[in-house]
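What follows is each chain in one-letter form.
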Number of protein chains: 2
Amino acid sequence: MDDNLMEFRTSTNVPEVTVRRLCQYSRHLEDLRDQGVKNISSKALSELMQIKDSQLRKDLAYFGAFGVRGLGYDVEGLSSRLATILGTVKPYSVAVLGAGNLCAALTSYPGFKPHGFHIQALLDNDENKIGREFHGIQVYDVKRLPEVLEMHGIEIVIVTVPVKIAQELFDQCVECGIKAFLNFAPLRLMHDRTKVKVADVDASCSLKVLSFFLTQSEE
Amino acid sequence: MDDNLMEFRTSTNVPEVTVRRLCQYSRHLEDLRDQGVKNISSKALSELMQIKDSQLRKDLAYFGAFGVRGLGYDVEGLSSRLATILGTVKPYSVAVLGAGNLCAALTSYPGFKPHGFHIQALLDNDENKIGREFHGIQVYDVKRLPEVLEMHGIEIVIVTVPVKIAQELFDQCVECGIKAFLNFAPLRLMHDRTKVKVADVDASCSLKVLSFFLTQSEE
DNA sequence: AATTGTGAACCTCTTCACAGCT
DNA sequence: AGCTGTGAAGAGGTTCACAATT
């Protein structure tokens, strides 16, 4: 008998690249629906994303058969199926570690709330920020982390604190049972991949990737 | 004879995942050097990143042989070789499209400048922002885009504007000869991959990926 | 006639395993 | 003895090509 810990890679074993493409499909379908388009073929939708139509069909095949042969996909129907698959039909409670400039950008970003990600609490160690509000969201003392996560029923934590303290605060969140993290700190947070999911957003790494490609193309 | 346009995928054809890991190696080596560590084995370095040692060695093999059999790698030496490979030995001039909250986070972020990415100009269409400074950096009218890019010798453009206007401004930059973009807008910018490199940083997509994994693990 | 769903082929990246060097 | 560099094997993701369906 092998270990029965909750595994993030499920039996269907959907690759992360596929999930990221589902997000894009979802976005385009919402646009198309708003434009009054009722139906679309895999060819037309895939061209909007500069990918192959077979890629789109294979991605969907992980979850079922949503189209009609000869006709294509119902825009509204596929859109809502994708929302169900992505789990964005129900809202999430989110907390942000670090109430700095990036946190300001996140709290004022209009794209999260309509998609069901509600930032409920901010945490910082700066006395000047604690107790104040940021775009209507309370800043708590990071020392009260476990209590605040519990109180707001937080399911996702966004990490925007400096590298030095990121791992320690992250570990605290994991101990409190948080299973999903969006990490903006430029380090790999050490964690057990069978228990916790971390999505890294690393702008400085992306800049270096650009630097690499610019350097290559000069030769 | 096939087309002779500058290709980003060079003859060595290094996968992007490898380049991203090179950034991580580089980061860890700088830390190790600062801690006074002189030498490290592929096993020890790879464990810091939770990857296999063979992965690290294969990544380096795209560029040459930098280690000593039986001994491992010289921390200082490998660190500087990686900086050369990544192209981060020379500085880059960067402009940011959109002088909002995200731009504020970027200009105040201490991680860019020391790695040679110098934000030289900000561009916006808000009359209240044009002509002012943001952390000591001038905000220009986005109508003057070509002139500003030219004047500052901009090599990399960071896109932080709303989706509606992102593609149009992006196209203008491409026409001006910009070849590298860091895109924070939640859309895929349509472009010719043989001429331009776009690195996407899409937090709302990453949140949905987390949502997907949370949904999966509930079952 | 058009377009999906899918097995098979293909390609890319990862891991293994060991020869070769210090 | 220890550790790198690398060919070969393995795993994973993409594309092809066509039978199945409307």
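One can find the structure itself at the top, above this paragraph.
Residues numbered from 1 in each chain as written. Chains lettered and ligands numbered in written order. Predicted model: local features only at pLDDT ≥ 70, side-chain atom pairs only at ≥ 80, totals over all residues. Heavy atoms only, no water.

Description of the protein's contact with DNA strand C
Taken together, 23 residues surround DNA strand C, and among them Ser42, Arg57, Arg69 and Tyr73 of chain A together with Arg21 of chain B come closest. Restricting attention to atoms of DNA strand C within 4 Å of the protein, one finds that 59% of them are sugar or phosphate atoms. Arg57 of chain A places a side-chain nitrogen or oxygen 2.7 Å from a base nitrogen of DNA strand C. In the model, a phosphate oxygen of DNA strand C is placed 2.9 Å from a nitrogen or oxygen of the Gly67 of chain A main chain. When residues of the surface near DNA strand C are traced back to their parent elements, those giving at least two are α3 (53-61) of chain A together with α3 (53-61) of chain B. If you tally residues by element for the surface near DNA strand C, the top one is α3 of chain B, at 4 residues. (Near = heavy atom within 4 Å. Polar contact = N/O pair within 3.5 Å; in protein donor to acceptor, adjacent residues only side chain to side chain. Helix = DSSP H or I, 4+ residues; strand = E, 2+ residues; numbered from the N terminus.)

Focus: the sheet that holds strand β4 (residues 117-124) of chain B
Pairing is mixed in the open sheet, where 7 strands are placed in the order β5-β6-β4-β3-β7-β8-β9 (chain B). Taken across any chain shown, the strands that pair with only one partner, and hence form the sheet edges, are β5 (133-134) and β9 (197-200) of chain B. Bridging between strand β3 (residues 92-97) of chain B and strand β7 (residues 156-159) of chain B involves 4 bridges; their strand directions are parallel. Following the sheet pairing, Ala95 of chain B is matched in β7 of chain B by Val157 of chain B. Along the sheet, helix α8 (residues 203-218) of chain A makes contact with β3, β4, β7, β8 (180-183) and β9 of chain B, crossing β8 of chain B at roughly 165°. (Pairing = 2+ DSSP bridges. Contact = heavy atoms within 4.5 Å. Axes fitted to C-alpha atoms, helices over the stretch in contact; angles between N-to-C directions.)

A word on helix α4 (residues 75-86) of chain B
The end-to-end C-alpha distance of α4 of chain B, which contains 12 residues, comes to 16 Å, matching closely the 16 Å that a straight helix rising 1.5 Å per residue would cover. Buried within α4 of chain B are the following residues: Val75, Leu78, Ser79, Leu82, Ala83, Ile85 and Leu86 of chain B. In a view along the axis of α4 of chain B, the buried residues occupy a sector of 160°, so they form one face of it. In this structure, the buried residues of α4 of chain B make contact with α8 of chain A together with α1 (16-34), β1 (39-40), α3 and β2 (73-74) of chain B. Gly87 of chain B sits one or two positions beyond α4 of chain B and adopts a positive phi of about 80°. (Expected span 1.5 Å × (residues − 1). Buried < 20%, exposed > 50% of the residue type's maximum accessible area, 1.4 Å probe, protein only. Arc of directions from axis to C-beta.)

As for the pattern of salt bridges
For the structure shown, the criterion picks out 24 salt bridges over all chains. We note a salt bridge from Glu147 of chain B to Arg144 of chain B, for which the minimum N-O separation is 2.9 Å. Among the residues examined, Glu147 of chain B registers a relative accessible area of 41% and is labelled partly exposed. Within this structure, Glu16, Arg20 and Lys197 of chain A form a network of salt bridges that share partners. (Salt bridge = Lys/Arg side-chain N within 4 Å of Asp/Glu carboxyl O.)

Quick notes on the relation of the copies chain B and chain A
The two copies are related by a screw operation: chain B maps onto chain A through 180° of rotation and 0.0 Å of translation along the axis, at an RMSD of 0.0 Å. Read as a symmetry element, the transformation amounts to a two-fold axis. Comparing interface residues between copies, 100% of those in chain B also lie at the interface in chain A; the contact surface is shared. (Least-squares fit on C-alpha atoms with pLDDT ≥ 70 in both.)

What about the interface of chain B and chain A?
On the chain A side, the residues contacting the 65 residues of chain B number 65 residues. Surface buried jointly by chain B and chain A totals about 6,300 Å² across both partners, of which 65% is contributed by carbon and sulfur atoms. On the chain B side of the contact with chain A, Leu207, Lys208 and Phe213 of chain B bury the most area, a combined 12% of that side's loss. There are 4 salt bridges connecting chain B and chain A. The partner of Glu218 of chain B in a salt bridge is Lys90 of chain A, with the nearest N and O atoms 3.6 Å apart. On the surface where chain B and chain A come into contact, there are 25 residue pairs in polar contact (both at pLDDT 80 or more). For the side of chain B that touches chain A, the secondary structure elements donating two or more residues are α1, α2 (42-48), α4, α5 (101-108), β8, β9 and α8 (203-218) of chain B. Ranked by residue count, the leading element in the side of chain B that touches chain A is α8 of chain B, at 16 residues. (Buried area = accessible area lost by both parts, 1.4 Å probe.)

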